[in-house]
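Architecture and fold: a report
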Amino acid sequence: MSGLVIEGLTCRYGDAAAVDALDLAVPDGALLCLLGPSGCGKTTTLRAVAGLVAPDAGRILRDGEVLSEPGRVLPPERRRMAMIFQSYALWPHMTVAGNVAYALKLKGLGSAAVGTEVAKVLRAVRLDALADRLPADLSGGQQQRVAIARALAMEPRTLLMDEPLSNLDAALREEMRLELRRLHEAHGVTTLYVTHDQAEAMATADLVAVMQAGRIVQLGTPEEVYAAPASAFVARFIGGTNLIAGRHLGGGVVDCGGVALACASGSAAEDGSAIVAIRPHAVMLAAAPGQNVIAARLVRSTFLGPVRELGVETACGITLRLTIPSDAAVPGSGEVLVSLPPAACRMLAG
Ligand code: ATP
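It should be emphasised that the depicted structure is a prediction, and the values quoted were computed from it without experimental measurement.

**Re the nonpolar core**
Within the largest apolar cluster, 46 residues are counted, with the highest numbers of intra-cluster contacts made by Val100, Val118, Leu122 and Ile148. Ranked by the residues each element gives to this core, the list is headed by helix H4 (residues 140-153), at seven residues.

Right, here's the structure in full:
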């Protein structure tokens, strides 16, 4: 298979497996985000792909060539990979152009070719006007662009990024997500991207691999992972989801403390514990009782700009978040009916 393939990768620190029999394929030209909480093994996986960590078991291949297996690791400098870190790792005494040129000179390019190439990649990351600045005179986002330009100049076959935006402020992070996506579409370098920020993964990736305890627990497009989380862990991690614990009565109906909720998707063992997952924007205020309509008490109303988030609680202890347009009227009395449309309810094993 072409692209990057990880087969049964296990990496241990002492007795603990940081990466545990992990299987993953990054298709040629795709940007795949490894997404997961702190300590789940993302960085160790990335470092194994870079050749900086040797596997205890399993293999890493690119286009069928074995790059790593126990006892045989192709050195990082022979992998044609570039790595971008959260600390930009720029040479402080060299200008923007100098930082990019340095990598090219190491590759053995002559000075005319270096000049052409530097100009080309600095244009690509929109830094051509700042070629003569030192890193200390750049913003965080601009410094990150220099690191990206330097990586692109190396014409890597694989690009590895480890939390590349985590040192930037929120506004710049949002801007740089779009920039990274634009650069990926322009250059199409097969990319493995590590982050714990689900919004970053959604905005930049072709594919998202959610990691838990050293393994991939779900792989899909951002849309698939968001709309159809495979487990309560994924639903919780992707964030912004109401999770209601109950028992599966059969036929997709979950008893949540005396309230029967019908779910159109998902699965759980019959008579076993189950969780109903529903996004806040799918929960609605209802005018009349009906299927999946629950009586609740309004306990919170928070203005969030384009939407207002309401918090409600039912008599049986279900708490829910829902959003309404911020210009919609907030129910005057504290008593409300909320509708959880079955089509938006997904049943997960509890
Ligand atoms: P983060 O998002 O916090 O960087 P991560 O998902 O990238 O986390 P890793 O850095 O790969 O996770 O770490 C996975 C596990 O391996 C953690 O339990 C960590 O404590 C452990 N670990 C990582 N590096 C070492 C090391 N050099 N020696 C011992 N244990 C380590």
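**Re the layout of surface pockets**
Reported here for the largest pocket is a volume of approximately 740 Å³. Around the largest pocket sit 29 residues that line it, and Met81, Ala82, Met83, Ala103 and Met154 are the ones nearest its centre. Secondary-structure elements contributing two or more residues to the lining of the largest pocket are strand S7 (81-84), helix H2 (96-106) and H4. Tallied by class, the residues present in the lining of the largest pocket amount to 19 nonpolar, three polar and seven charged. By volume, the second largest pocket is sized at about 190 Å³. Around the second largest pocket, the lining is made up of 14 residues, and of these Tyr226, Ala227, Ala277, Arg279 and Ala344 lie nearest the centre. For the lining of the second largest pocket, the secondary structure elements donating two or more residues are helix H7 (222-227) and strand S16 (273-278). Split by residue class, the lining of the second largest pocket holds nine nonpolar, three polar and two charged.

How each quantity is defined
- Residues numbered from 1 in each chain as written.
- Predicted model: local features only at pLDDT ≥ 70, side-chain atom pairs only at ≥ 80, totals over all residues.
- Heavy atoms only, no water.
- Core = buried A, V, L, I, M, F, W, Y, C linked by side-chain atoms within 4.5 Å.
- Buried < 20%, exposed > 50% of the residue type's maximum accessible area, 1.4 Å probe, protein only.
- Helix = DSSP H or I, 4+ residues; strand = E, 2+ residues; numbered from the N terminus.
- 1 Å grid on protein atoms, 1.4 Å probe; cavity = no way out; pocket = protein on both sides within 12 Å on 5 of 7 lines; lining within 4 Å.
- Points joined across faces, edges and corners; volume = space filled by probe spheres on them.
- Nonpolar A, V, L, I, M, F, W, Y, C, P; charged D, E, K, R; others polar.

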